[in-house]
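Spelled out from the first residue to the last, the chains are:
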Amino acid sequence: MTTISPSTEQNDDELFEHHSFVVDKGQAPLRIDKYLMNFIENATRNKIQSAAKDGSIYVNGTPVKSNYKVKPLDKIRVLLEHPPYEYLLTPEDIPLDIVYEDDDLLVVNKQAGMVVHPGHGNYSGTLINALVFHFENLPNNSSERPGLVHRIDKDTSGLLVVAKTEQAMTHLSKQFFNKTSEREYLAIVWGNMKDDEGTIEGHIGRHPKNRLQNTVFEGDDEDKGKPAVTHYKVLERLGYVTLVSCKLETGRTHQIRVHMKHIGHTLFNDERYGGERILKGTTFSKYKQFVDNCFKILPRQALHAKTLGFIHPTTGEKLQFDSPIPDDIQDCIEKWRHYATHMQ
């Protein structure tokens, strides 16, 4: 399996390592610019080719051009003159929708489209940029990210808890690790789900061919992923899509998106996992137009972190918060509801 290790180490030539890869044993020859596009989020081929032209892409210690063909076990490093931007946290005066706050923590209702922490291609406008502006001396988590106990994807809306003290960070992180926190998501998925409720169990890890995706590993390959458990319940059947509630027992990256795709019910308009295509329905052009209109109303994956519950780190009180369904998801539900009524 290709291994990746972002780093901030500097070499003797005052260059900073931004990416590090070891190519998989089974990798077929492939141009390095095409290869890196599968592994670096938000990278374009032009950017990668420019980096190669500047001598910033090294294979086995030697700079290579963009037409270099990667081979099994090649060691690839991308070295640039500046440190990775995600480590340069700039406070930004971005409004936050704070639904609860005390001396120990706050609960934020994140809007869709906001990245939680800086990363490649998203160096400003993130939740952390806003947090470090509004709050001083937030404790770092194990990844050196101020205040973050957990995260949700850029295009997922909903609730997040942020720690304001070291004690709160430790206490809340332990709850998430021990699976005692409560997290319920609302999702629209493709297809009419067979069962009214159920549990999806499957080890989740990086997709071996597309590192921007995760996937479920089964059988002998289980150890390539980490255990993940999602409990789902059908809330409403809307013809060719289903409205479901998903409760997380674990918190793997893209967990609901990966698990739902695994059982044949990809999230509606989830571009990364193929949900931006018509996966269920008729061949009528009128239907295609209807779905396109739904995509325009909801230009992101149909996923909302609706409910968040945990024990307060100081008072021991059980806190639970509920976030209203955002307008884009609600409008999409209404359109499908209307369509499903006329299907019958």
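What counts and how
Here the residue numbers are simple positions, counted from 1 along each chain's written sequence. A pLDDT threshold of at least 70 governs which residues receive local features in this predicted model, and a stricter bar of 80 or more applies before side-chain atom pairs are shown or counted, although totals over entire chains, interfaces and linings include all residues. As a rule here, side-chain values cover all heavy atoms of the structure and leave hydrogens and water aside. Put simply, DSSP marks the helices as runs of H or I at least four residues long and the strands as runs of E at least two long, and each gets a number from the N terminus on. The globule rule is 2.2 Å times the number of residues to the power 0.38, and the radius of gyration it is compared with is taken over C-alpha atoms. Throughout this description, buried means an accessible area under 20% of the type-specific maximum (1.4 Å probe, protein chains only), exposed means over 50%, and partly exposed covers the range between. Contacts are residue-level and defined by heavy atoms, with any inter-residue pair within 4.5 Å sufficient. Only the protein chains shown count as covering a residue, and every accessible area follows the Shrake-Rupley method with a 1.4 Å probe. Positive charge is attributed to Lys and Arg, negative charge to Asp and Glu, and no charge count is given to His or to the chain ends. A single reference atom marks each charge: NZ on Lys, CZ on Arg, CG on Asp, CD on Glu. Known as pLDDT, the predictor's confidence for each residue is given on a scale from 0 to 100. Only Phe, Tyr and Trp rings take part, Trp by its six-membered ring, and two of them pair if their centres are within 6.5 Å. Stacked means planes under 30 degrees apart, edge-to-face means over 60, and tilted covers everything else. Polar contacts, as used here, are pairs of N or O atoms within 3.5 Å; protein pairs need one atom able to donate a hydrogen and one able to accept it. Residues neighboring in sequence count only if both atoms are side-chain atoms. By nonpolar core is meant a set of buried Ala, Val, Leu, Ile, Met, Phe, Trp, Tyr and Cys residues that side-chain atoms within 4.5 Å join together.

A.B. asks: How would you explain the overall build of the chain if you had to name every residue and give the values?
C.D. replies: Along the chain, the regular secondary structure elements total seven helices and 18 strands. A globule of 344 residues ought to have a C-alpha radius of gyration of about 20 Å, and the chain, at 22 Å, matches this closely. Taking the principal axes of the C-alpha coordinates as reference, the chain spans close to 65 × 55 × 40 Å. Taken across its 344 residues, the chain has 47% of its residues classed as buried. The long-range share in the chain, meaning contacts at least 24 apart out of those at least 6 apart in sequence, stands at 66%. In the structure as shown, the chain presents an accessible area of about 17,500 Å², 47% of it carried by carbon and sulfur atoms. Measuring between centres, the 42 positive side-chain charges of the chain sit 8 Å from its 47 negative side-chain charges.

A.B. asks: Give a description of the confidence of the model for the chain that names residues and reports values.
C.D. replies: The pLDDT averaged across the chain works out to 90; a share of 92% of its residues lies at or above 70. Below a pLDDT of 50 lies the segment residues 1-13, which in the model reaches 35 contacts outside its immediate sequence neighbourhood of four places, other chains included.

A.B. asks: Please set out the packing of aromatic side chains residue by residue, giving values where relevant.
C.D. replies: The final tally for this structure, using the stated rule, is 16 aromatic pairs. Between Phe290 and Trp336, the aromatic rings sit 4.8 Å apart at their centres with planes inclined by 85 degrees, giving edge-to-face as the arrangement. One end of the pair, Phe290, is in helix H6 (residues 285-297); the other, Trp336, is in helix H7 (residues 327-343), and 46 residues separate them in sequence. What makes Trp336 buried here is its relative accessible area of 0%.

A.B. asks: Could you give an account of the side chain of His259, with specific residues and numbers?
C.D. replies: Take His259: it is sitting in helix H5 (residues 255-262). Classification of His259 by relative accessible area gives buried; the value is 0%. Here Gly202 takes part through its backbone oxygen, which lies 3.2 Å from a polar atom of the side chain of His259. Filtering out sequence-adjacent residues up to four positions away, His259 remains in contact with Ile200, Glu201, Gly202, Ile204, Val216, Ala228, Val229 and Thr230.

A.B. asks: Which residues make up the nonpolar core, and what are the values?
C.D. replies: Of all hydrophobic cores here, the largest spans 31 residues; its most connected members are Leu127, Leu131, Tyr185, Val244, Ile256 and Met260. Only strand E9 (105-110), helix H3 (127-134), strand E10 (157-163), strand E11 (182-190), strand E15 (229-238), strand E16 (241-248), H5 and strand E17 (303-311) provide two or more residues apiece to this core. Per element, the largest residue contribution to this core is four residues, and it comes from H3. Apart from the residues within four sequence positions on either side, Ile256 is in contact with Tyr185, Thr230, Cys246, Leu248, Leu267 and Leu303. Counting 19 residues, the second-largest nonpolar core is a separate cluster that includes Leu186, Phe268, Ile329 and Cys332.

A.B. asks: So what about the side chain of Ser245? Which residues, and what values?
C.D. replies: Locating Ser245 in the fold gives a position in strand E16. On the basis of relative accessibility, which here comes to 5%, the residue Ser245 falls in the buried class. In this structure the side chain of Ser245 is engaged in a polar contact, spanning 2.7 Å, whose partner is the side chain of Glu184. In this structure, Ser245 is in contact with Glu184, Tyr185, His231, Tyr232, Lys233 and Leu235, ignoring residues within four places of it in sequence.

A.B. asks: So what about unusual backbone geometry? Which residues, and what values?
C.D. replies: Negative phi is the rule for most residues except glycine; trans is the rule for most peptide bonds. Even without a glycine there, the phi angle at Leu73 is positive, about 70 degrees. For Leu73, the location among the structural elements is in the loop between strand E6 (69-70) and strand E7 (75-80). With relative accessibility at 48%, the residue Leu73 sits in the partly exposed group. Backbone geometry at Lys179 places phi at a positive 65 degrees, although glycine is not the residue there. Here Lys179 is to be found in the loop between helix H4 (166-177) and E11.

A.B. asks: Account for the environment of Glu218, naming residues and giving values.
C.D. replies: With respect to the helices, strands and loops of the structure, Glu218 is situated in the loop between strand E14 (214-217) and E15. Separated by 16 residues in sequence, Glu218 and Gly202 place their C-alpha atoms 6.8 Å apart. Separated by 3.3 Å, the side chains of Glu218 and His262 make a polar contact.

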